[in-house]
Amino acid sequence: MKFLDRIMYLNFSLLEKISKFIRNDKCVICSKKTHMLPLCSHCNNTYLNFNYSAKRCSNCGKILVSEENICTDCRENPVINNIYKIIPMFSYRLWNKELLFKWKIQGYRNFAYIFAKKILEIYNEYFKDYVIVPVPPRPGKIKNQGWDQINDLMNFLRKISNIKIVNLLERTESVQQKKLNREQRLANKDSYILKKKYLNTKLPSKIVIIDDILTTGVTLENCAITLKNAGINTVGAITVYIAD
Ligand SMILES: [Zn+2]
Ligand SMILES: [Zn+2]
């Protein structure tokens with residue numbers, strides 16, 4: 001499985017062909033044999049279905065239950081002020097916690113392929129002709145860990161589309177966001193800067209930031225502030241999950 005994972009990462013279409021002849025590939029959720037990795041088509045359709053018709057917070061993209069237009073969090077304590085539209089694809093609950101854990105922590109890197117396909121759908125629906133900017137990893141992460149989930153997403157997006165993707169940003173702090181409490185995260189500003197090589201170049205006017213999970217919104221907001229200060233007019237965002 002790990003070996004197949006690696007091939008999958010290198011060449012997913014090749015693996016799709018090979019896996020048709022291998023009988024012991026198992027869906028990482030239901031363990032049923034499948035030709036599609038890492039999820040069988042049933043689990044893919046059941047657990048990773050984007051809800052196009054849901055009413056969303058116009059500020060953070062969270063699905064609204066009883067509120068009108070803006071969610072309670074954004075009304076009472078708005079973190080996001082520089083992003084015109086955020087589309088988080090899935091709620092970080094129930095099985096989705098396990099999916100994210102398998103992807104990020106256990107290293108099932110081929111989840112990036114599935115998520116990249118979903119991101120492409122959302123991009124085409126809401127952000128056509130925007131340039132994609134990924135949230136950059138902590139300095140040294142790719143060197144130390146060997147990979148980064150957002151970087152993987154970008155690699156797959158490049159394989160399945162012609163969308164322009166530019167790594168405009170770099171991250172300057174080394175304190176992990178998740179080790180900070182909410183107050184510290186809010187105070188932990190200016191951690192994303194425009195890469196030096198883009199300082200005196202013509203930048204796109206519309207950008208969509210991609211991240212894996214929207215928790216407080218501070219990461220996206222800080223990226224957006226940096227991009228706006230660099231002269232970019234419109235900043236949107238797509239995240240795979242939202243912790244709502
Ligand atoms: Zn399954
Ligand atoms: Zn909101």
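The shown structure was predicted, so the numbers you read here are calculated from the model rather than taken from an experiment.

Here we look at the overall build of the chain
When its secondary structure is counted, the chain shows ten helices and six strands. Taking all contacts inside the chain whose residues are at least 6 apart in sequence as the whole, residues at least 24 apart take part in 72%. Accessible surface computed for the chain: about 12,700 Å², of which carbon and sulfur atoms make up 50%.

Points about the coordination of the zinc ion (ligand 2)
Cys57 (SG), Cys60 (SG), Cys71 (SG) and Cys74 (SG) make up the full set of protein donors to the zinc ion (ligand 2), lying at 2.3 Å. In this structure, the zinc ion (ligand 2) is surrounded by four donor atoms whose angles at the metal cover 103 to 113°, and the resulting shape is tetrahedral. In terms of primary sequence, the donors binding the zinc ion (ligand 2) are separated according to C-x2-C-x10-C-x2-C. With Cys60 in the loop between α3 (41-47) and α4 (72-76) and Cys71 in the loop between α3 and α4, the pair connects residues that are eleven residues apart, well separated along the chain. There is no split in this pair, since Cys60 and Cys71 are both buried.

Side note on unusual backbone geometry
In the Ramachandran plot, Asn69 falls in the positive-phi region, its phi being about 70° despite a non-glycine side chain. Structurally, the position occupied by Asn69 is in the loop between α3 and α4. Residue classification places Asn69 among the partly exposed residues on the basis of a relative accessible area of 47%.

Concerning the confidence of the model for the chain
Mean pLDDT for the chain: 86, with 85% of residues reaching 70 or above. The secondary-structure element of the chain with the lowest mean pLDDT is helix α2 (residues 12-19), recorded at 52, while strand β2 (residues 131-134) shows the highest, at 98.

Parameters and conventions
- Residues numbered from 1 in each chain as written.
- Chains lettered and ligands numbered in written order.
- Predicted model: local features only at pLDDT ≥ 70, side-chain atom pairs only at ≥ 80, totals over all residues.
- Heavy atoms only, no water.
- Helix = DSSP H or I, 4+ residues; strand = E, 2+ residues; numbered from the N terminus.
- Contact = heavy atoms within 4.5 Å.
- Areas by Shrake-Rupley, 256 points an atom, 1.4 Å probe, with all protein chains shown as cover.
- Donors = N, O, S within 2.8 Å, 3.2 Å for Na, K, Ca; no water.
- Tetrahedral: all angles 85-135°; square planar, octahedral: opposite > 155°, others 65-115°.
- Buried < 20%, exposed > 50% of the residue type's maximum accessible area, 1.4 Å probe, protein only.
- pLDDT = per-residue confidence, 0-100.

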